[in-house]
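# Fold and geometry: a report
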Amino acid sequence: MKKAVSRHLDTLVRKHGRLEDSRTAMGEAFAVMEGSFRNGGKLLVCGNGGSASDAEHIVGELMKGFRLKRPPEAASLKRLKGRMPDTAGLPGEPVPPCLYGLQLGLPAISLVSQTALVTAVLNDLAADAVFAQQVLGYGNPGDVLLGISTSGQAANVTRAMEVARTLGLATVALTGAGKGRIRAWSDVVLASPSSVTDEIQEDHVKMYHTLCLMLEEEFFGPESETEG
């Protein structure tokens, strides 16, 4: 395991000992997501209620800087010079400083945000198809679907996981202690030891923040040595 990954997992367990049993699965989830991003894949995320908010939160941490700054290469920004009226400069001038506010991101899409599409699916298809329809449209082999369900029983999340597995996506579940049906379609299960919804959600925040930290350091931090 990479030293940086091990360090973040050590910190998680030290601060939140109740999650010690999730350490191995956390490492597996990191490996799945890291491999997908490394090969040009993306992360799709879905959940209901509070878990929908978590889906949004995860995407926010991945698509821009979390703890680290992620400035793009200056050369890539030079293509924007002259195309943005409020930042255009004279020939030979350096790229306007405001362009450097852009940050590199890891491609992630929240499936809970598409209001027009979600309501159309609810009206025209079925309630449990709202995420599955998007997985079918967005998903490609090598992508990852992260399905969040505190009970593990959410029908729309489970259906999305089933479609994802069928299409060749990797699947990661973020759930609770209950033996919900989402587990049957999950390559990796990240489970809170609790069966109480708010406690599960609190554990989920700790787990996905750690995953986001590990991924950010892997792609945007100093090169980390691996343990051999």
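Okay, so let's go over this structure. (Residues numbered from 1 in each chain as written. Predicted model: local features only at pLDDT ≥ 70, side-chain atom pairs only at ≥ 80, totals over all residues. Heavy atoms only, no water.)

The subject of this paragraph is the side chain of Asn156. With respect to the element layout, Asn156 can be found in helix α7 (residues 155-167). Looking at Asn156, its side chain comes within polar contact range of the side chain of Asn48, at 2.8 Å. If we ignore the near neighbours within four places in the chain, the residues touching Asn156 are Asn48, Ala127, Asp128, Val130 and Phe131. (Helix = DSSP H or I, 4+ residues; strand = E, 2+ residues; numbered from the N terminus. Polar contact = N/O pair within 3.5 Å; in protein donor to acceptor, adjacent residues only side chain to side chain. Contact = heavy atoms within 4.5 Å.)

With that settled, the discussion passes to the side chain of Lys42. Within the element layout of this structure, Lys42 appears in the loop between α2 (23-38) and β1 (43-47). A polar side-chain atom of Lys42 sits 2.7 Å from a polar atom in the side chain of Asp143. If near-sequence neighbours (up to four positions away) are discounted, Lys42 is found in contact with Ser36, Phe37, Pro107, Ile109, Tyr138, Asn140, Asp143 and Val144.

Attention now moves to empty space enclosed by the protein. A complete count under the given rule lists one cavity of 30 Å³ or more for this structure. What the largest cavity holds in volume is close to 50 Å³. The set of elements that each furnish at least two residues to the lining of the largest cavity consists of α3 (50-63) and α8 (197-220). Ranked by residues supplied to the lining of the largest cavity, first place goes to α8 with four residues. A breakdown of the residues in the lining of the largest cavity according to their chemical character gives nine nonpolar, no polar and no charged. (1 Å grid on protein atoms, 1.4 Å probe; cavity = no way out; pocket = protein on both sides within 12 Å on 5 of 7 lines; lining within 4 Å. Points joined across faces, edges and corners; volume = space filled by probe spheres on them. Nonpolar A, V, L, I, M, F, W, Y, C, P; charged D, E, K, R; others polar.)

Before going further, it helps to examine the environment of Asp128. Among the secondary structure elements, Asp128 is positioned in the loop between α5 (115-124) and α6 (132-138). Asp128 gets classed as partly exposed once you look at its relative accessible area, which sits at 24%. Sequence-wise, Asp128 and Ala155 are 27 residues apart; in three dimensions their C-alpha atoms are separated by 5.6 Å. Once residues within four sequence positions are removed from consideration, Asp128 is found in contact with Ala155, Asn156 and Arg159. (Buried < 20%, exposed > 50% of the residue type's maximum accessible area, 1.4 Å probe, protein only.)

Time to look at the nonpolar core. Within the largest apolar cluster, 32 residues are counted, with the highest numbers of intra-cluster contacts made by Met33, Leu43, Ile58, Leu62, Leu146 and Leu190. Setting aside anything within four residues of it in sequence, one finds Leu43 in contact with Met33, Phe37, Ile58, Leu62, Pro107, Ala108, Ile109, Val144 and Leu146. Membership of the second largest hydrophobic core comes to 18 residues, among which are Val118, Ala129, Phe131 and Ala154. (Core = buried A, V, L, I, M, F, W, Y, C linked by side-chain atoms within 4.5 Å.)

Contact geometry of helix α1 (residues 3-15) with α8 gives a least axis separation of 10 Å together with a crossing angle of 160°. As summarised for this structure, α1 and α8 are arranged roughly antiparallel, according to the angle between their axes. Of the two elements, α1 crosses α8, and the hand of that crossing is right-handed. For the pair formed by α1 and α8, the contact residues are Ala4, Val5, Arg7, His8, Leu9 and Leu12 on the first element and Lys206, Thr210, Leu213, Met214 and Glu217 on the second. (Axes fitted to C-alpha atoms, helices over the stretch in contact; angles between N-to-C directions. Parallel < 35°, antiparallel > 145°, perpendicular 65-115°, else oblique. Left-handed = near helix turned anticlockwise from the far one by under 90°.)

With that settled, the discussion passes to the pattern of salt bridges. Overall, the coordinates contain twelve salt bridges when judged by the stated rule. In this structure, Arg7 engages Glu217 in a salt bridge whose closest nitrogen and oxygen atoms are separated by 2.7 Å. Here the residue Arg7 occupies a position in helix α1, and Glu217 occupies one in helix α8, the gap between them amounting to 210 residues. Its relative accessible area of 41% is what places Arg7 among the partly exposed residues. By relative accessible area, Glu217 is classed as buried at 15%. Ionic contacts of the salt-bridge type, sharing partners, join the residues Lys2, Glu34, Arg38 and Glu218 into one network. (Salt bridge = Lys/Arg side-chain N within 4 Å of Asp/Glu carboxyl O.)

What follows is about the environment of Asp203. Here Asp203 is to be found in helix α8. Once the C-alpha coordinates of Asp203 and Arg18 are considered, the two residues, 185 residues apart in sequence, prove to be 8.9 Å apart. Residue contacts for Asp203: discarding those within four places in its chain leaves Arg18, Leu19, Ser192 and Pro193. Among the polar contacts made by the side chain of Asp203, one reaches the side chain of Ser192 at a distance of 2.6 Å.

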